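# Chains, contacts and geometry: an overview
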Amino acid sequence: MLLMDNENFLVIYTDGGCSGNPGPGGWGCVIIDGESETQLSGGEKQTTNNRMELTAAISALAAVCSKSEWKSRPLAVYSDSQYVKNGITSWIKNWKKNGWKTAAKKPVLNQDLWVKLDELYNQLNIEWKWVKGHAGHKYNEMCDSLCQMEMSKF
């Protein structure tokens, strides 16, 4: 949490989920810029948990890229998804090297979203952090509430 003390850092929290897997899904993110908080959310009628987790991260990073005063700042991105954190910081290197195949030689699931996330990731200075979900953390809970609100629309 030391990063939040550095006012130059933008702090981002993301979450995604769905009711049933697949099923109606939602995603939410909060971008914390000093004292201001920007909340974004969306959903899909038929999707998976992993697609919503990825969409939350993509949407947050796209918002950062669209604002010149944010784009040059270092980011701390908190996700409760090991899939997203490990995928973008570790696994993706081998997926790309192996023609978007897993170690088991199967096609990488959600490749379309991984490509988008990777494009955004490579434009920014990001430190990825994992946060335990449903553990009472204010911003993770806020993102989860945004997800639930979006899911309820379907």
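Everything below is about the structure shown above.
So, here's what we can say about the structure. None of the values given here were measured: they were computed from a predicted structure.

### Regarding the pattern of salt bridges
The full count for this structure, using the stated rule, is 6 salt bridges. Linking Arg51 and Asp112 is a salt bridge whose minimum nitrogen-to-oxygen distance equals 2.9 Å. Residue Arg51 is located in helix 1 (residues 49-65), and its partner Asp112 is located in helix 4 (residues 111-121); the two are separated by 61 residues in the primary sequence. With relative accessibility at 22%, the residue Arg51 sits in the partly exposed group. Look at Asp112 and you get partly exposed, because its relative accessible area is 39%. For Glu150, the salt bridge goes to Lys153, with nearest N and O atoms at 3.1 Å. The exposure class of Glu150 is buried, given its relative accessible area of 6%. Assessed through its relative accessible area of 56%, Lys153 is described here as exposed.

Thresholds, definitions, all that
Residues numbered from 1 in each chain as written. Predicted model: local features only at pLDDT ≥ 70, side-chain atom pairs only at ≥ 80, totals over all residues. Heavy atoms only, no water. Salt bridge = Lys/Arg side-chain N within 4 Å of Asp/Glu carboxyl O. Helix = DSSP H or I, 4+ residues; strand = E, 2+ residues; numbered from the N terminus. Buried < 20%, exposed > 50% of the residue type's maximum accessible area, 1.4 Å probe, protein only.

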